[in-house]
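# A look at the structure
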Amino acid sequence: MADHVTHPPRQLPDGIVPEEEVARTEKRWLVLMATMLAVMMVIVVVTGVTHALNPPSNVETIDPTTLHLGGEFAESNLGTAAEPDGSVTIRMIAQQYGFVPDCTKVPVDTPVKFRLTSTDVIHGFLLPATNVNTMVMPGFVAEVRTRFTRPGVYNMPCHEFCGDGHHGMWARVSVVAKNEFPKLGAVERTSCAKL
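Just so it is clear, the structure is predicted and the values come from calculations on it, not from any experiment.

## Description of the sheet that holds strand S4 (residues 103-107)
Read from one edge to the other, the open sheet built from 3 strands follows the order S4-S10-S9, with strand pairing classed as mixed. The strands lining the two open edges of the sheet, one partner per strand, are S4 and strand S9 (152-157). Geometrically, the sheet is characterised by an average inter-axis angle of 25° between neighbouring strands, direction not taken into account. As judged from the 6 bridges shared by S9 and strand S10 (residues 170-176), these two strands associate in the antiparallel manner. The residue of S10 that forms the bridge with Pro 157 is Trp 170.

Put into structure tokens, the structure is as follows:
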């Protein structure tokens, strides 16, 4: 029987970590990262399944095929409406490739509530330099609130790609003086044309 000779562990230069220790450390990090990735994927899937049933804003449904026939989004109700509490509500419909109405007027320093819906595809509604930024989805009513502190005309682009004419899909809000707004008729409140 041959004698089995054991050699002492080979000495490594200073700063060099043994290969076995490197492999063990890499396996630990791999397990940790795989666990973190699995937890994040579970969160994404659960959140997607439970929150995909409704849009993230105001959860109010509407039939996009009949909304123009009556109710809140009938043609006669679109545009700016003064509320009893002194605020104003703007009702708009997004459709390829425009907003109806495409321009509305509101008084300065007044609470403004936008209520929007879509008849066809997902659109976006963005009012730069304000807190107004939402998706407008068919079958749902999006609601956002803001206040305009300076008179002027504010452009609102659609920021969700909705087809070939998307680049030309804009709406406008004309902010007028508080004392001028009550003098405007319903037609004047939904038009930015100079009279």
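Picking up after the structure, the text goes on.
## Some thoughts on the confidence of the model for the chain
Looking at the chain, the pLDDT average stands at 84 and 89% of residues meet or exceed 70. Across the chain, element-level confidence peaks in strand S5 (residues 111-118) with a mean pLDDT of 92 and bottoms out in helix H2 (residues 186-189) with 83.

## Some points on the side chain of Arg 91
By the element assignment, Arg 91 lies in strand S2 (residues 88-95). Looking at Arg 91, the relative accessible area reads 17%, which means it is buried. At 2.9 Å, the side chain of Arg 91 forms a polar contact with the side chain of Glu 72.

## Re the nonpolar core
Ranked by size, the top nonpolar core spans 27 residues in total, and within it Met 92, Phe 99, Val 106, Phe 114, Phe 125, Phe 148 and Met 156 carry the most contacts. Mapped by element, the contributors of at least two residues to this core are S2, S5, strand S6 (123-127), strand S7 (132-136), S9 and S10. Residues Leu 67, Phe 73, Leu 78 and Val 141 belong to the second largest nonpolar core, which totals 5 residues.

The rules we used
- Residues numbered from 1 in each chain as written.
- Predicted model: local features only at pLDDT ≥ 70, side-chain atom pairs only at ≥ 80, totals over all residues.
- Heavy atoms only, no water.
- Pairing = 2+ DSSP bridges.
- Helix = DSSP H or I, 4+ residues; strand = E, 2+ residues; numbered from the N terminus.
- Axes fitted to C-alpha atoms, helices over the stretch in contact; angles between N-to-C directions.
- pLDDT = per-residue confidence, 0-100.
- Buried < 20%, exposed > 50% of the residue type's maximum accessible area, 1.4 Å probe, protein only.
- Polar contact = N/O pair within 3.5 Å; in protein donor to acceptor, adjacent residues only side chain to side chain.
- Core = buried A, V, L, I, M, F, W, Y, C linked by side-chain atoms within 4.5 Å.

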